[in-house]
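Below, each chain spelled out in residue letters.
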Amino acid sequence: MRRLRKENLRFLVRETKLSVDDFIVPIFVDENIKKPLEISSMPNYFRIPLDSVVKEIEACLDKNLKTFILFGIPSYKDEVGTSAYDKNGVIQRALRSIKSEFDDVVLITDVCLCEYTSHGHCGIVKGTQILNDETLPLLAKIAISHAEAGADIVAPSAMMDGMVKAIREGLDNEGYKDTAIMSYAAKYASNFYSPFREAAESGFKFGDRKSYQMDFHNSNEALREVELDIKEGADIIMVKPALAYLDIIHKVKQKFKFPTAAYNVSGEYSMIKAAIKLGWLNEDVIYEILTAIKRAGADLIITYHAKEIADFL
Ligand code: PBG
């Protein structure tokens, strides 16, 4: 076995190779700030002011990163997340300004309510309940407004049942048949999202997300979620988080052979950065974990490490 491990031969038999095309860069666009703002629980990751978003995209294009997922931090929140589908909302304005500058970028938008609602939940709330069917038309409305503003792909992350179907029908009815859907199909109620909730100001004011996001004790349930989303019209399916969920990525890819994305989430980024900062791990660990996510079966990886891995590659 050691013959092919020699330094000059090992690349010949390498089964998994990372490419910059594998990566999707998350961008937090904040309409309330004037300068980039570092997220304290995510070292070296920033919220970007609306008028610097073009510059940020340019910096990524310089590294050959051309696919982005946008998250918005709005100036106004209410019970029903009105600013999520506002024509002049933060994401809609960001989309238009990026699309007017660059032809070759791929823009994905997170379609959810939690960043836009005063209670921070991903759906319409009644008492302490998160209502499913009442939320669906709103998600469709958000997706349509993103498509209208230039999104290439919409990525529903609310984990409402039937959301992919509602969004597909909404897009088709409004003439956006070519807008693709990347569904957060197997999204777990995970403890690894807490830095994101600081980053996107999307923490919930009561309860938790366990009534809509998946229970991490389960894996067969992930296959059912993915199957439903494919039937409802998803073009790409996603597993989230990634690192503690490599088994799920593997099973999903093996079973469906469908374009599969994995979300290497905020907490996964933060723990690696913290260990590197302390000198307990060296930076090459980033390359190792991203390779592992691809080896497990992911075709695409959403990661806050995108810029550093692009430099490395
Ligand atoms: C919105 C959303 C969340 C993440 C992506 N979209 C937060 C959540 O569900 O609470 C988390 C991403 C990350 O942790 O990096 N629903």
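So, here's what we can say about the structure. Because the structure is predicted, anything quoted here is derived from the model rather than measured.

1. With respect to a nonpolar patch on the surface
Among the surface-exposed residues, Leu-4, Phe-11, Leu-12 and Val-13 lie close enough to one another that they form a single nonpolar patch of about 390 Å² accessible area. Examined against the element boundaries, Val-13 turns out to sit in the segment before strand E1 (23–30).

2. Observations regarding the site of the ligand
Around the ligand there are 19 residues in total, and Arg-197, Arg-209, Lys-240, Ser-266 and Tyr-304 lie nearest to it. Ser-157 places a polar side-chain atom, nitrogen or oxygen, 3.3 Å from a nitrogen atom of the ligand. One nitrogen or oxygen atom from the side chain of Lys-187 is found 2.8 Å from an oxygen atom belonging to the ligand. Expressed as a share of its isolated accessible area of 400 Å², the protein-covered part of the ligand is 100%. The site holding the ligand turns out to be the largest cavity. When residues of the shell around the ligand are traced back to their parent elements, those giving at least two are strand E9 (180–187) and helix H5 (194–199). Split by residue class, the shell around the ligand holds 11 nonpolar, three polar and five charged.

3. Regarding empty space enclosed by the protein
For the coordinates displayed, the defined rule picks out one cavity of 30 Å³ or more. Taken as a whole, the largest cavity encloses approximately 150 Å³ of empty space. Lining the largest cavity are 20 residues, with Cys-114, Lys-187, Tyr-193, Phe-196 and Lys-240 sitting closest to its centre. Those elements that place two or more of their residues in the lining of the largest cavity are E9 and H5.

4. A closer look at a positive patch on the surface
A cluster of basic side chains, namely Arg-2, Arg-5, Arg-10, Arg-14 and Lys-17, defines a positive patch on the protein surface. Tracing the chain through its elements places Arg-5 in the segment before E1. For Arg-5, a relative accessible area of 48% translates into the label partly exposed.

5. So, unusual backbone geometry
Of note, the bond from Lys-240 into Pro-241 is cis; its omega dihedral lies within 30 degrees of zero at -5 degrees. By secondary structure assignment, the location of Pro-241 is in the loop between strand E10 (236–240) and helix H7 (246–256). Backbone geometry places Met-159, a non-glycine residue, at a positive phi of 60 degrees.

6. Comments concerning the packing of aromatic side chains
Per the counting criterion, the structure on display carries 12 aromatic pairs. With a centroid separation of 4.8 Å and an interplanar angle of 40 degrees, the aromatic rings of Tyr-287 and Phe-312 are classed as tilted. Here the residue Tyr-287 occupies a position in helix H9 (residues 284–296), and Phe-312 occupies one in helix H10 (residues 306–312), the gap between them amounting to 25 residues. Given the relative accessible area of 28%, Tyr-287 is considered partly exposed.

7. Remarks on helix H8 (residues 266–277)
With 12 residues, H8 extends 16 Å between its outermost C-alpha atoms, agreeing within 8% with the 16 Å of an ideal straight helix rising 1.5 Å per residue. Where burial is concerned, most of H8 is hidden: nine out of the 12 residues are buried. For H8, the set of buried residues is Ser-266, Gly-267, Glu-268, Tyr-269, Ser-270, Ile-272, Lys-273, Ala-275 and Ile-276. Buried residues along H8 sit in contact with H5, strand E11 (260–264), H9 and H10. After H8 finishes, the residue Gly-279 shows a positive phi value of roughly 80 degrees.

8. Considering the environment of Ala-274
Among the secondary structure elements, Ala-274 is positioned in helix H8. As a C-alpha pair, Ala-274 and Ser-41 span 233 residues in sequence and 9.2 Å in three-dimensional space.

9. Overview of the pattern of salt bridges
This structure, assessed with the given rule, holds 14 salt bridges. In this structure, the salt-bridge partner of Arg-47 is Asp-30, at a minimum N-O distance of 2.9 Å. Of the two residues, Arg-47 sits in strand E3 (residues 46–49) while Asp-30 sits in strand E1, which places them 17 residues apart along the sequence. For the pair Arg-47 and Asp-30, a shared accessibility class is recorded, and that class is buried. Ionic pairing is found between Asp-299 and Lys-253, a salt bridge with its closest N-O pair at 2.9 Å. A residue pair is termed long-range when its members are at least 10 positions apart, and Asp-299 in the loop between H9 and strand E12 (300–303) and Lys-253 in helix H7 qualify at 46 residues. Given the relative accessible area of 33%, Asp-299 is considered partly exposed.

10. A few points about helix H2 (residues 90–101)
End to end, H2 covers 17 Å across 12 residues, agreeing with the expected 16 Å (1.5 Å per residue, within 8%). Listed in full, the buried residues belonging to H2 are Val-90, Ile-91, Gln-92, Ala-94, Leu-95 and Ile-98.

11. As for the pairing of strand E4 (residues 67–73)
Buried residues dominate E4, accounting for seven of its seven residues. The side-chain alternation of E4 yields two buried faces, one formed by Thr-67, Ile-69, Phe-71 and Ile-73 and the other by Phe-68, Leu-70 and Gly-72. Taken together, the four bridges between E4 and strand E5 (residues 106–111) define a ladder with parallel strand orientation. In the sheet register, Ile-69 faces E5, and the bridge partner there is Ile-108. In this region the chain leaves E4, passes through H2 and returns to the parallel neighbour E5; the handedness of that crossover is right-handed.

Reading the values: the criteria
Residues numbered from 1 in each chain as written. Predicted model: local features only at pLDDT ≥ 70, side-chain atom pairs only at ≥ 80, totals over all residues. Heavy atoms only, no water. Patch = residues over 30% accessible without salt bridge, like charges linked within 9 Å, V, L, I, M, F, W, Y side chains within 5 Å. Areas by Shrake-Rupley, 256 points an atom, 1.4 Å probe, with all protein chains shown as cover. Salt bridge = Lys/Arg side-chain N within 4 Å of Asp/Glu carboxyl O. Helix = DSSP H or I, 4+ residues; strand = E, 2+ residues; numbered from the N terminus. Near = heavy atom within 4 Å. Polar contact = N/O pair within 3.5 Å; in protein donor to acceptor, adjacent residues only side chain to side chain. 1 Å grid on protein atoms, 1.4 Å probe; cavity = no way out; pocket = protein on both sides within 12 Å on 5 of 7 lines; lining within 4 Å. Sits in = over half its atoms within 2 Å of the grid points. Nonpolar A, V, L, I, M, F, W, Y, C, P; charged D, E, K, R; others polar. Points joined across faces, edges and corners; volume = space filled by probe spheres on them. Lys, Arg positive; Asp, Glu negative; His and termini not counted. Charge placed at Lys NZ, Arg CZ, Asp CG, Glu CD. Buried < 20%, exposed > 50% of the residue type's maximum accessible area, 1.4 Å probe, protein only. Phe/Tyr/Trp six-rings, centres within 6.5 Å; stacked < 30°, edge-to-face > 60°. Expected span 1.5 Å × (residues − 1). Contact = heavy atoms within 4.5 Å. Pairing = 2+ DSSP bridges. Right-handed = clockwise from strand over helix to strand, strands pointing away.

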